Each structure stands twice: as structure tokens, then as C-alpha cells.
Amino acid sequence: MFSSTKAGKSNKNNMYKKLFFFFILLQSPFILKAQDMIGLTSSNYSGISGAMINPSSLSFMKTRMDIRILGNQTFGFNTAYYIPAKDNKGLGFINTPLPVYGSQKENYIYYNNKDQKQLYIDQRILGPAFSLTYKKHTIGFSTQFRAMATSDKIPYELPIIQYEGLKYKDLHNIRFSDFEFSAATQAWAEFALSYSYVVHSSFANRIAVGASLKLLKGNTGAYLENQNVNFFIGNDTTIYINNLIAKAGYSSPLHLDSKTYDSDPTFKGSGVGLDIGFTYMNAKRAYEINTFRKRQCEIPYDDYNFKFGVSILDIGAITYNQNARAHFYDGVSAKWKDPKISFDSFNGLFHTFDTLFYGKNGAGNSVVAEKITIGLPTALSIQGDIHINKNWYTSVLYTQPIKLYKYSLTRPAFMGITPRYETRNFEAGIPLSLLSYTYPQVGMYMRFGFFTIGTEQLLNFLGWNNLNGANIYFSFKINLQKGSCFNAYESPCHSYRSNFRRK
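Just so it is clear, the model here is predicted, and its values are computed rather than measured.

Draft legend 1. Structural view of the packing of aromatic side chains. Counting across every chain of the model gives 23 aromatic pairs. Measuring from ring centre to ring centre gives 5.6 Å for Phe-426 and Phe-448, while their planes differ by 55 degrees; the resulting arrangement is tilted. Residue Phe-426 is found in strand S18 (residues 426-429), and its partner Phe-448 is found in strand S21 (residues 444-448); the two are separated by 22 residues along the sequence. Judged by its relative accessible area of 28%, Phe-426 is partly exposed. Within the aromatic cluster, the residues linked to one another by ring pairs are Tyr-250, Trp-336, Phe-346, Phe-350 and Phe-353. Above the face of the Phe-328 ring, Lys-247 is positioned so that its terminal group lies 5.2 Å from the ring centre.

This is the structure:
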């Protein structure tokens, strides 16, 4: 709850730092940015995890059965706040406190420029999952819990106001005009049924198509769209707001009139999602019909020169009709004197804005609906993989966001190339990538049998860069390899065929 300006200087500054919560909904100093977990999704041992970037890739894995026990991804990146490289201790922060800056005693500082800011969050808890291949068919099932927030094109002055408060005189009496920036957040459970089928096999050519149909159960969601606002800070106690055109919607696991948890129902919304894709593989040997191998485990892995895939990910949306509300402020203006915001509840928060813009009897005037819909972070993904020599490979990955819904999550553009060394029991790769066509990063991942761990931002962990984010991912899984059975039995024809080839 925000404090009155009469409660002392420190309380007043704390209030002003939070004043623009309405415009920078659900952001945080080190908010996280989405990635594609290259170490989990681009390997020939990715198994069911590969379906997260292209469901058709399941057909060309080295595994005939893959079982994921548990995994996680947490990625971080932002362009608003950072810890300078000179103070970045990387992993050393585990045993040492964060640095403190300025009179506000914050653990970070802000980029003092006029560039628009980006802030994101993407967290996945990867639950149990499996995939199973039989001849040309591969089926899979996966579970995960995802939490994501995206905020793009944030006006440069908002992070400064959040950090410095209204007392920061360098921003006084400047007429700011901001438009077309937005934010969205969702947390949801996802249950996906995946299927991939090899539709074409001739000579060295293989083509597979695949899809993942996903049941989505939303726990919380919110969005903000600012179409226009003109404002200026007159002094450290007054803001003048003119012609605000903004829309906001939310659905929360908290009661709208209190901060108590509402567990009935647990999920406040539901929806359906879809991933679709195809993969072309140029094999090292010509295709031949399986005549001699009677058991699925006897069918060997089909090695390749290169692979190429295209997919569209996260088509769909979640509609919330429990604890949900949508608001619209249409060209409203106000002089905000000694601003106070009650955040005992969502209704209390918007009661403050309604009475500010519509008068003391204006509570509820901005409400326009009792349900909201928020789109998934839809994206076009292009993948490539080259088998260079023996155990050496190089993969490429490109992701471009696509916005299908008016209010939706938006993942950043991503371009990456990853040389890797890959064997049955060990794998290592060094992803080199570019975020939003602007921000380069270097990563590293390793797989030791059933356990994979990696990061896309290795230099941040080593303390070599400004610390404006951090990320890590891992996975525990077991699998059975193609062409490998539990016993050495082979049919006489199979043995004859194998001996003939060796000659």
C-alpha cells in the first residue's frame, strides 16, 4: 500500500517509485526474457523436449523412447536496469551481498538514455513427459507449468521515475507524450499431446510432419494497452495527466476485493494451443524398406547430412471468466495532487483510478467486461542442423514473434548458431546468439547421460558483462536408443544381412 507524502521523506520516495504501476504493470528490476533452451531442444537426444520448437523433429531423434522426469528453465534479460560489470561477481553473488547504489539504496542502476525499454519474464517448470517411436509414427505427451510476462516499447522515462521517484527534478515540467506500449502476463498449466509422422522416404530424402495439441489451464492473467497519454510532473507532489486512452484487464487467483487466495476454482481460465511443423532430412544412405528387422528396437538410427525444419509455435489463447475484469479509460484527464494508491485489492487499485478520473462517485465507471482473453506467445521458428563429421554438429535457430491476438504475450526475436560435440553419454555445445536483432550473448551447455544443464548467458555468470539478466536450464531424463535392444538376439536373416554389409 502506498504511503502519504506527509509520512516522511523515505515513505514519500517509496510511494513515488511505485506511482506508475498502472503503466508498467507487473514489471520488476530483473525480469526474465524468453529463450529456446538450445541444449534441451536442438540435440539428436532431445526426445520429447524437441517438440517445444518443432513437433515433427520427434521423427528423426536418435531415441526410440524418451522419458523426461523433471526440468526447468529460467531466463533473464532486460534493457532498463543493470549492475555494472565492475560490480558483477557473477556466481560469486551466491556468497556475497548485492551492491547498493544511490540514495534509494537500490541493488541496481538504470540505463540513462532515451531508448525504449524491454522487460520480459519466462519461466517453465517441465513436468513428466515421454515420446515413443514405432516405425514411421512417433507419439508424445508432455506437461509443464509456464509463467510469462512481456512488456515492450516502454517509454524511457518510466523506469527512471520508478527508480528516482517524482522528486527527480530532471524530469519536472517536461511534457511527455507516450503511445502504443503494452504489457501482458499469464501463468498456466499446459498438457500437450504430440504426434509426428514420416510422410515421405525416398533415396536420401525424408520428410516428417507433426503437431502438438495443447490443453491450457490459466491460473492468472493480465494485460495493459496504452494507446495515448500526455503528462508532465509539475513538482514532487503533483502529476498532470491529459487524454489518457488505455485498456487493462486481469484475472487473479486472489479475490478481487481482498488479498485472500481464491482456490475455487484453481484455474480461472482455459483454452487450446497448437504447434505445427515439418522437418526435411537429407540422409546419409538411401531409404530401404525394413524387411529383416522384426522388432522396433532393431531398427537403426537413420543418420543425416543435414536437417531443416519450419514450425509455428503457441497458436492459441486463454479466456478467463473467473475473477476477471476489463477496464477502459477513454480520453480521461486529471490533476493528481498528493497521489495515494490503495492496493489492498484489484478493486481497490482501480477504485483509485476511477475516482481520480471520474470523480468521487465514479467507482466502476471504467469496467467494460467480466472476462478477458490473452493470446499465447506465437512465433515462427526455423531450425537447421548440419552433421559435420562423426560426433560434430552445428545447429542454427531463428525465432520471429507473430501477434495473433490484440492482447497477447510476445516473445523476442532470436537468432543463434550452436556448434556441438554429441555422443550417447556426453554432449557439449556453445550457443552464439542475438536477441531482438541487437543483443549478442554467448552460452554453454553440457549433457552427462541423463542430466543436461546449460545457460545462454555464460558471460553474465562469469562476471564479464553488465548484469542485466541471468538464465539457466536443466533436465533429468532417460531414453532408449534406436537400433539397441535389451538382448543380443537377431533373426538369422538379420545376421546374414549385417554380415553381408560388412563384407
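Draft legend 2. View of helix H4 (residues 346-358). Along its 13 residues, H4 runs 18 Å from first to last C-alpha, staying within 8% of the 18 Å computed at 1.5 Å per residue. Buried residues belonging to H4 abut strand S9 (238-251) and strand S12 (324-337). Directly beyond the C-terminal end of H4, a positive phi value near 100 degrees is found at Gly-359.

Draft legend 3. Representation of the pattern of salt bridges within the structure. In total, this model carries 17 salt bridges according to the counting rule given. A salt bridge links Lys-86 to Asp-87, with the shortest nitrogen-to-oxygen separation between them at 3.1 Å. Its relative accessible area of 71% is what places Lys-86 among the exposed residues. Among the residues examined, Asp-87 registers a relative accessible area of 18% and is labelled buried. The salt bridge involving Glu-370 is made with Arg-325; its shortest N-O contact spans 3.6 Å. Linking Glu-370 in the loop between strand S13 (367-369) and strand S14 (372-375) with Arg-325 in strand S12, this pair joins segments that are 45 residues apart in sequence. Among the residues examined, Arg-325 registers a relative accessible area of 18% and is labelled buried. Through salt bridges with shared partners, one network takes in Lys-62, Asp-385, Arg-420, Glu-422, Glu-427 and Arg-447.

Draft legend 4. The confidence of the model for the protein chain, seen in detail. Averaged over every residue, the pLDDT of the protein chain is 86; the share at 70 or more is 88%. In the predicted structure, residues 1-34 sits below a pLDDT of 50 and forms 111 contacts with residues beyond four places in sequence or in another chain. Counted against residues more than four places away or in other chains, residues 493-503, with its pLDDT under 50, gives nine contacts.

Draft legend 5. Structural view of the nonpolar core. Counting residues in hydrophobic clusters, the biggest one holds 40 residues, and the most contacted among them are Phe-231, Ile-241, Leu-244 and Phe-357. Of all the secondary structure elements, the ones that give two or more residues to this core are helix H3 (157-164), strand S8 (205-235), S9, S12 and H4. With six residues, the single largest contributor to this core is S9. Filtering out sequence-adjacent residues up to four positions away, Ile-241 remains in contact with Val-229, Asn-230, Phe-231, Ser-333, Ala-334, Trp-336 and Phe-357.

Draft legend 6. The pairing of strand S17 (residues 414-422), seen in detail. Of the two faces of S17, the one lined by Phe-414, Gly-416, Thr-418, Arg-420 and Glu-422 is fully buried and the one lined by Met-415, Ile-417, Pro-419 and Tyr-421 carries no buried residue. Sheet topology note: the S17/strand S19 (residues 432-435) ladder contains four bridges and is antiparallel. When the bridges of S19 are listed, Ile-417 appears paired with Leu-432. Pairing geometry for S17 and S18, over three bridges, is antiparallel. Note that in S18 the partner of Arg-420 across the bridge is Gly-429. Following S17, the chain reverses through three residues before pairing antiparallel with S18.

What counts and how
- Sequence order as written defines residue numbering, which begins from 1 separately in each chain.
- Predicted model: local features are reported for residues with pLDDT of at least 70 only, side-chain atom pairs are reported and counted for 80 or more only, and whole-chain, interface and lining totals are derived from all residues.
- The side-chain numbers reported here are obtained from all heavy atoms of the structure, hydrogens and water having been left aside.
- Ring geometry is summarised as follows: Phe, Tyr and Trp rings, the Trp one being its six-membered ring, pair when their centres sit within 6.5 Å, and such pairs are stacked at plane angles under 30 degrees, edge-to-face over 60 and tilted between the two.
- Secondary structure follows DSSP: runs of H or I at least 4 residues long count as helices, runs of E at least 2 residues long count as strands, and numbering of each begins at the N terminus.
- Under the scheme applied here, a residue whose accessible area is under 20% of the maximum for its type counts as buried, over 50% as exposed, and between as partly exposed, the area being computed with a 1.4 Å probe on protein chains only.
- Remark: a charge is flagged as sitting over a ring if the NZ atom of Lys or the CZ atom of Arg is within 6 Å of the ring centre and within 35 degrees of the ring normal.
- Expected span, for any helix, means 1.5 Å times one less than how many residues it has.
- Whether two residues touch is decided by their heavy atoms; if any such pair falls within 4.5 Å, the residues are in contact.
- What counts as a salt bridge is simple: a side-chain nitrogen of Lys or Arg found within 4 Å of a carboxyl oxygen of Asp or Glu.
- A residue's pLDDT is the predictor's confidence in that residue, given on a scale from 0 to 100.
- In this description, a nonpolar core means a group of buried Ala, Val, Leu, Ile, Met, Phe, Trp, Tyr and Cys residues linked to one another through side-chain atoms lying within 4.5 Å.
- DSSP-based pairing: two strands are paired if at least 2 bridges between them are found.

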